[in-house]
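Okay, here's what each chain looks like letter by letter:
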Amino acid sequence: MQENSDAREIYLDCFLKIYPWEIKTNNVKRGTNIFVKIQLGNIILYSRKVSLAGRVKEIYKGEKFTDILLEAKEDVVPLRLWPEKQRLLDVKNIEENSFLKAFGTLREDRDGNIYVSVLALSRIPENHIESFYTSVEEDRRFFERFLKNNNTGVS
């Protein structure tokens, strides 16, 4: 993603639907907070809060937290459950090969790896994955139209 001097940056305070493969080291903005970057024409959207969907590849239960490796296509994103959220695995019946939708905040661990700190999870049917991805595209078209109609300079 190349940024240029004509690009306008907008920081969102909402759960932005994203593809799991967009959470990459080269597609996040670091600082005090971690933001995913989504480019729409000459507008760059930044969001700390994300919503994403995929298949549970693996679950690692550690002493301090549990990581769910969420897989979509060939990419894997770690979803981290802290102790107060670990009960969601049982309540939502989340296991390997389950399909789920997650809401969370982007974070960075001590080694510089990006993960999603989970706020909410829901198990979904497999066929919901494609409709979720369709809604990602619909949301982005909405953002482009909205920003263009409000004189933000989207080309």
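See the structure above.
Fair warning: this is a prediction, and the values are worked out from it, not measured in the lab.

**Re the overall build of the chain**
Reasoning step 1: Per the secondary structure count, the chain includes two helices and 10 strands.
Reasoning step 2: Ordering the α and β elements of the chain from the N terminus gives β-β-β-β-β-β-β-β-α-β-β-α.
Reasoning step 3: Taken over the C-alpha trace, the chain has a radius of gyration of 16 Å; the compact-globule value for 155 residues is 15 Å, and the two agree within 12%.
Reasoning step 4: For the chain, the proportion of its 155 residues judged to be buried stands at 43%.
Reasoning step 5: Once local pairs closer than 6 in sequence are excluded, the contacts in the chain between residues at least 24 apart make up 61%.
Reasoning step 6: Entry remark: accessible area of the chain is about 8,800 Å², with carbon and sulfur atoms responsible for 45%.
Reasoning step 7: Measuring between centres, the 25 positive side-chain charges of the chain sit 4 Å from its 24 negative side-chain charges.

**A short note on the nonpolar core**
Reasoning step 1: Core analysis: the biggest nonpolar cluster contains 32 residues, and Leu 45, Leu 79 and Leu 121 have the highest contact counts within it.
Reasoning step 2: With four residues, strand S10 (residues 114-123) is the single largest residue contributor to this core.
Reasoning step 3: Counting nine residues, the second largest nonpolar core, distinct from the first, contains Ile 129, Phe 132, Tyr 133 and Val 136.

**Concerning the pattern of salt bridges**
Reasoning step 1: If you walk through the whole model with that rule in mind, you get six salt bridges.
Reasoning step 2: Asp 75 is paired through a salt bridge with Lys 24; the nearest N and O atoms lie 2.6 Å apart. Linking Asp 75 in strand S8 (residues 75-81) with Lys 24 in the loop between strand S2 (16-17) and strand S3 (28-29), this pair joins segments that are 51 residues apart in sequence.
Reasoning step 3: Here Arg 80 and Asp 67 are joined by a salt bridge, their closest N and O atoms 2.8 Å apart. Placement of Arg 80 in strand S8 and of Asp 67 in strand S7 (residues 66-72) is noted, with a sequence separation of 13 residues between them. Residues Arg 80 and Asp 67 agree in their burial class; the two are buried.

**Topic: the side chain of Thr 105**
Reasoning step 1: Position of Thr 105 among the secondary structure elements: in strand S9 (residues 99-108).
Reasoning step 2: With a relative accessible area of 8%, Thr 105 lands in the buried category.
Reasoning step 3: The residues touching Thr 105, leaving out its near neighbours within four places in the chain, are Arg 48, Lys 49, Tyr 115, Val 116, Ser 117 and Leu 119.

**Points about the packing of aromatic side chains**
Reasoning step 1: In total, this model carries 11 aromatic pairs according to the counting rule given.
Reasoning step 2: On the numbers, 5.6 Å between centres and 90° between planes, the contact of Phe 15 with Phe 103 is edge-to-face. Of this pair, Phe 15 sits in the loop between strand S1 (8-12) and S2 while Phe 103 sits in strand S9, and the two are 88 residues apart along the sequence.
Reasoning step 3: Classification of Phe 103 by relative accessible area gives partly exposed; the value is 27%.
Reasoning step 4: Here the aromatic rings of Tyr 19 and Tyr 133 are separated by 5.3 Å at their centres, their planes lie at 65°, and the arrangement is edge-to-face. Linking Tyr 19 in the loop between S2 and S3 with Tyr 133 in helix H2 (residues 128-149), this pair joins segments that are 114 residues apart in sequence. Per residue, the accessibility class of Tyr 19 equals that of Tyr 133, and both read buried.
Reasoning step 5: Above the ring of Phe 65, the side-chain terminus of Arg 80 is found at 3.8 Å from the ring centroid.
Reasoning step 6: In this structure, Arg 80 is placed above the aromatic ring of Tyr 115, and the distance from its NZ or CZ to the ring centre is 4.2 Å.

**Examining the sheet that holds S1**
Reasoning step 1: Strands sit in the order S1-S5-S4-S3 across an open sheet of four strands; the sheet is mixed. In the strand order of this sheet, the two ends are held by S1 and S3, each with one partner.
Reasoning step 2: In terms of strand pairing, S1 meets strand S5 (residues 43-47) through five bridges, oriented parallel. Across the sheet, Ile 10 pairs through a bridge with Leu 45, a residue of S5.
Reasoning step 3: Lying on the sheet, H2 is in contact with S1, strand S4 (35-40) and S5; it crosses S4 at an angle near 65°.

Cut-offs and rules
- Residues numbered from 1 in each chain as written.
- Predicted model: local features only at pLDDT ≥ 70, side-chain atom pairs only at ≥ 80, totals over all residues.
- Heavy atoms only, no water.
- Helix = DSSP H or I, 4+ residues; strand = E, 2+ residues; numbered from the N terminus.
- Rg over C-alpha atoms; globule rule 2.2 N^0.38 Å.
- Buried < 20%, exposed > 50% of the residue type's maximum accessible area, 1.4 Å probe, protein only.
- Contact = heavy atoms within 4.5 Å.
- Areas by Shrake-Rupley, 256 points an atom, 1.4 Å probe, with all protein chains shown as cover.
- Lys, Arg positive; Asp, Glu negative; His and termini not counted.
- Charge placed at Lys NZ, Arg CZ, Asp CG, Glu CD.
- Core = buried A, V, L, I, M, F, W, Y, C linked by side-chain atoms within 4.5 Å.
- Salt bridge = Lys/Arg side-chain N within 4 Å of Asp/Glu carboxyl O.
- Phe/Tyr/Trp six-rings, centres within 6.5 Å; stacked < 30°, edge-to-face > 60°.
- Lys NZ or Arg CZ within 6 Å of the ring centre and 35° of its normal.
- Pairing = 2+ DSSP bridges.
- Axes fitted to C-alpha atoms, helices over the stretch in contact; angles between N-to-C directions.

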